[in-house]
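An overview of the molecular structure
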Amino acid sequence: GGDADTSWPQFRGRQSAGVGDGVRLPETWDGAAGTGVIWKTPIAGLAHSSPVVWGDSVFVTTAISSRPDASFKRGLYGEGTASQDLSPHRFQVLSLDRRSGKVQWTQTAFDGPPREKRHIKATYVNASPATNGEYVVAFFGSQGLYAYDLKGKLKWKRDLGRLDAGAYDAPDYEWGTASSPIIYGDTVIVQCDQQKGSFIMAVRLKDGETVWRTDRDELPSWATPNVYVGEGGAELVTNAPKFIRGYDPRTGKELWRLGRSSMITAPTPVFDRDLIVVMSGRRPNAPIFVLKAGARGDITLPEKATTGGNVVWTRERAGSYMPTPVIYRGYLYVLKNEGIIACYDLASGEQKYETRIEKVGSGFSASPVAADGKLYLSGEDGDVFVIRAGPQFELIARNPMGQSLMATPAISQGMMFVRGERDLFAIGAAKP
């Protein structure tokens, strides 16, 4: 129905595509001054998770520390240090009224000390919730997987154990989890890559019972999985260091694998027609892979090859480290942490431009989204950059929000929901 068409049901919206055409946002606004802001609601705690939307409900997750000075360290830096804040936290799911921003309900899923550490740039809630209009699912990593109905009643919870995700080359570092749950049919799928005992699993949406669970010989990854649905059948695509893999989402059986990627992977796979795009930004590889759907077996390219078999094109040292790319109107846009944006022709791999966005201090962790011929980039310094889509770079506006932006915006029904460090904003042209 109408809700499904205008919903933004998971991280980066439908199919994680990050596209919300028909929203008709203003080109300029000022979140700090309140211009172009329909409403603004404070959200307690720290969370890099994105809002999701169904109908007139906006769902957000957060973790509220017992420490009044709890913080994260934004910016471009190399330390892999873990936060020392292991004080009791309240892990919460909130529902807000889309039209007014009023909190409709708050549920505490887990109350206690976190069972994992987090990176000093991260929070304990990096994973975005997912909804299908009947359930809203929140994945709190080592704190478990929770399903609520849309009125806030807990339907079930699952403890998936303590997940230890951190540096592949220094296992004592713990960085916490970030992969978001996705809903496919009547199941929730979670990718749980860690130092030892990695797995991916599907559980029944109605009761949390395991449908399938597939062990993975994998290193930690922070990427959200995605289900490609095409004529040749569905492929559950996972981004991880040892292999990018495709699975049958109904059974968990591996269909294909692709090696020679980065040792650290965070971006979510994205699709357009029969092309699957997977990338990561850890040097020296930092590859972009563009694959034709329908592969079987090991499709890893031989040394020095950049195309072959199901691999349409690749480009080394071109992938993004944190932001998930966006495919929009035939072009692939790749935003790197340090503020370099590149545009490629998706079919041919031809680079149309690569440019550094000026005066970006702290860089980007949030993923770009697109709507109505424009791209929206949320920067850690607190600005939303509006860029004209197309093969020439054009910066339209730099819109201040007055607080650090780490989460990816959601777009629905004439509004863009921008989560800042302290507040959730609804940006739009006028009161709905």
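To keep things clear, this report deals only with the structure shown in the data block. All values reported here derive from a predicted model rather than from experimental measurement.

**Quick look at the layout of surface pockets**
Gaps left between atoms show up when a probe the size of a water molecule is rolled over them. A volume near 1100 Å³ is recorded for the largest pocket. The wall of the largest pocket is formed by 48 residues, among which Ala266, Tyr321, Met322, Asn337 and Ser365 lie closest to the centre. For the lining of the largest pocket, the residue count by class is 19 nonpolar, 21 polar and eight charged. Space inside the second largest pocket adds up to approximately 320 Å³. Every residue lining the second largest pocket is counted, 16 residues in all, and those nearest its centre are Pro9, Gln10, Arg14, Gln15 and Ile183. If you list the elements that add at least two residues to the lining of the second largest pocket, you get strand E6 (130-131), strand E10 (182-184) and strand E14 (226-230). Partitioning the lining of the second largest pocket into residue classes produces nine nonpolar, six polar and one charged.

**Re the environment of Phe91**
Secondary-structure assignment places Phe91 in strand E4 (residues 89-97). Under the relative-accessibility criterion, Phe91 is labelled buried at 0%. If we ignore the near neighbours within four places in the chain, the residues touching Phe91 are Thr62, Ala63, Gln107, Thr108, Ala109, Phe110, Gly112, Pro114, Tyr124, Val125, Phe140 and Gln143.

**Observations concerning empty space enclosed by the protein**
Summed over all chains, the structure comprises five cavities of 30 Å³ or more. When its volume is computed, the largest cavity comes out at roughly 80 Å³. The residue makeup of the lining of the largest cavity, split by class, is five nonpolar, four polar and one charged. Space inside the second largest cavity adds up to approximately 40 Å³.

**Considering the sheet that holds strand E9 (residues 154-158)**
If you walk across this open sheet you meet the four strands as E6-E7-E8-E9, and the pairing is antiparallel. The open sheet has two edge strands with one neighbour each: E6 and E9. Judged from the five bridges that link them, strand E7 (residues 135-139) and strand E8 (residues 145-149) form a sheet pairing that is antiparallel. Its bridge partner being in E8, Val137 is matched across the sheet by Ala147.

Calculation criteria
- Residues numbered from 1 in each chain as written.
- Predicted model: local features only at pLDDT ≥ 70, side-chain atom pairs only at ≥ 80, totals over all residues.
- Heavy atoms only, no water.
- 1 Å grid on protein atoms, 1.4 Å probe; cavity = no way out; pocket = protein on both sides within 12 Å on 5 of 7 lines; lining within 4 Å.
- Points joined across faces, edges and corners; volume = space filled by probe spheres on them.
- Nonpolar A, V, L, I, M, F, W, Y, C, P; charged D, E, K, R; others polar.
- Helix = DSSP H or I, 4+ residues; strand = E, 2+ residues; numbered from the N terminus.
- Buried < 20%, exposed > 50% of the residue type's maximum accessible area, 1.4 Å probe, protein only.
- Contact = heavy atoms within 4.5 Å.
- Pairing = 2+ DSSP bridges.

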